[in-house]
Amino acid sequence: MTHQCSIDAASIWTRQSLPRVAVIGAGFAGLSCARALSQRGCNPVVFEADDRLGGRCSSRSTPIGVFDDGAQCINGAPRLATLAVQRPGELVAMHPWTVPATPAEEARDRKDWKLEVDEANVDRTLNLMGSVGVPSMQTLAEALAEPLDVRLRTPILQARRRGSNWLLRGPAGGFDEDFQALVLALPAPQAMPLLHESAPLTDALRAVRFRSRWVLLLGSERPVPLPGYREFQGSPIERVAAMHSKPGRPGFRPQRWFIEADERWSLQHEHDDAETVADLLLENFCAHAGRKVTPNYLRAHHWPHAFVEKPATTPRHSQCLWDGDVQLGVCGDSVVTSTVGRVHDSGVAMARAVAEGLTSRRRSIVAAPLDRSRSPQLEPQL
Ligand SMILES: Cc1cc2nc3c(=O)[nH]c(=O)nc-3n(C[C@H](O)[C@H](O)[C@H](O)COP(=O)(O)OP(=O)(O)OC[C@H]3O[C@@H](n4cnc5c(N)ncnc54)[C@H](O)[C@@H]3O)c2cc1C
């Protein structure tokens, strides 16, 4: 699938003469970077291995409806909402998500289940969880990608320099296109095979470790007496989120629950198969719900690079890494902490670094020489 804006002949000519930048990864770091690059007068092309946009902040279609299967809510990224609107008057694909503190309050609002909590104990507080994509997280990624050239199902296996340009290779061979700059918006373990041309960036990312995480997607015809979002301490389950409690999600039945295992538990069960993990997490979910839950949909999913343990050390708290000698950058949660808001900022900072790097090269301004004995290479002053 290729997303491309409709453009007239004059703008095609202009676009072809713009500096071409390859962005690998269509998560929120890569998409934010590509959007900011096009605003800065570059022509980005995004390559994505998967058949969907959004990476770890996306959604999965199932026979019982759509689940957000990675990030559940976004905090601290006000500019994302403005990027998610294409035309004046269009509704934004991102809305605040508030959750009643108790399931009983939700029930009263919807009048669709029998109250199971003592009226006197009802807490009427609404908690603001953050913002969510509407009607799904993937919609938000699609809104970001709409004006961009994104190549889905296109894994990049190799990146090498020819002269001052970048050439890319996928499973079917090399692409007949070259790029003036390359951005890797990927977790460090996935970026490493594409970093051969930059020793400083290789050094910077070598020490970056990611933690894995199991999640369970569960459907239930019978309402589960838990609030739409809850975190747990000292349990195999770290948190649960109900899709039906998010804004703009059609249908309350069957209920769709996202269940995220705790970090330690995920590590202990890293090599278990999905069926075993699903059974164990279901048992624990029932314990939290205080009763048996009979699922009509159950699927455990393992995220091998879910959260960064410790991002790359960067000078001056930079939000991205940039090697100006080879016009190669890295953004996303290899460099910042694992939240959608932070990787969005990282992508935007990356675009600024790339645009400044390309501009100074075109003007033949010799940037301060890279001290290749020190790593990592610095992101230009932003
Ligand atoms: C279970 C879970 C729950 C989370 N919950 C929250 C939350 O509630 N709030 C929050 O803010 N954050 C949350 N996070 C963290 C957040 O989702 C991530 O930090 C963020 O989405 C990372 O974005 P990214 O663009 O850096 O990377 P990614 O989203 O991982 O994007 C990288 C993309 O690159 C693609 N790719 C990989 N290799 C290649 C290749 N060789 N060629 C082409 N494409 C490639 C991948 O398919 C992927 O789409 C959660 C993460 C997980 C896993």
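Residues numbered from 1 in each chain as written. Predicted model: local features only at pLDDT ≥ 70, side-chain atom pairs only at ≥ 80, totals over all residues.

1. Some thoughts on the sheet that holds strand 13 (residues 209-220)
Consideration 1: Strands sit in the order 14-15-16-13-17 across an open sheet of five strands; the sheet is antiparallel. Of all the strands in the sheet, just strand 14 (229-231) and strand 17 (297-310) have a single pairing partner and so form its edges. Each strand of the sheet is rotated relative to its neighbour by a mean of 20 degrees, with strand direction disregarded.
Consideration 2: As defined by bridge partners, strand 14 adjoins strand 15 (residues 237-242) across three bridges and the pair is classed as antiparallel. Within the sheet, the bridge partner assigned to Arg230 lies in strand 15 and is Val240.
Consideration 3: Sitting on the sheet, helix 9 (residues 274-289) is in contact with strand 13, strand 15, strand 16 (255-261) and strand 17, with an inclination near 95 degrees to strand 17. (Pairing = 2+ DSSP bridges. Helix = DSSP H or I, 4+ residues; strand = E, 2+ residues; numbered from the N terminus. Axes fitted to C-alpha atoms, helices over the stretch in contact; angles between N-to-C directions. Contact = placed C-beta atoms within 7 Å.)

2. Section: the sheet that holds strand 11 (residues 173-174)
Consideration 1: Spatially, 9-10-11 is the arrangement adopted by the three strands of the open sheet, whose pairing is antiparallel. If you trace the sheet from one side to the other, it starts and ends with strand 9 (158-162) and strand 11, each paired once.
Consideration 2: In this structure, strand 10 (residues 165-170) lies alongside strand 11, joined through two bridges in antiparallel fashion. By the bridge assignment for strand 11, Arg169 is matched with Gly174.

3. As for unusual backbone geometry
Consideration 1: In this structure, Pro135 follows Val134 across a cis peptide bond, with omega equal to 5 degrees.
Consideration 2: Mapped onto the elements, Pro135 comes out in the loop between strand 7 (126-133) and helix 5 (137-145).
Consideration 3: One non-glycine residue, Arg153, lies in positive phi territory at about 50 degrees.
Consideration 4: With respect to the helices and strands, the residue Arg153 is situated in the loop between strand 8 (149-151) and strand 9.
Consideration 5: Arg153 sits in the exposed class, given 12 other C-beta atoms within 10 Å. (Buried ≥ 20, exposed ≤ 12 C-beta atoms within 10 Å, placed from the backbone.)

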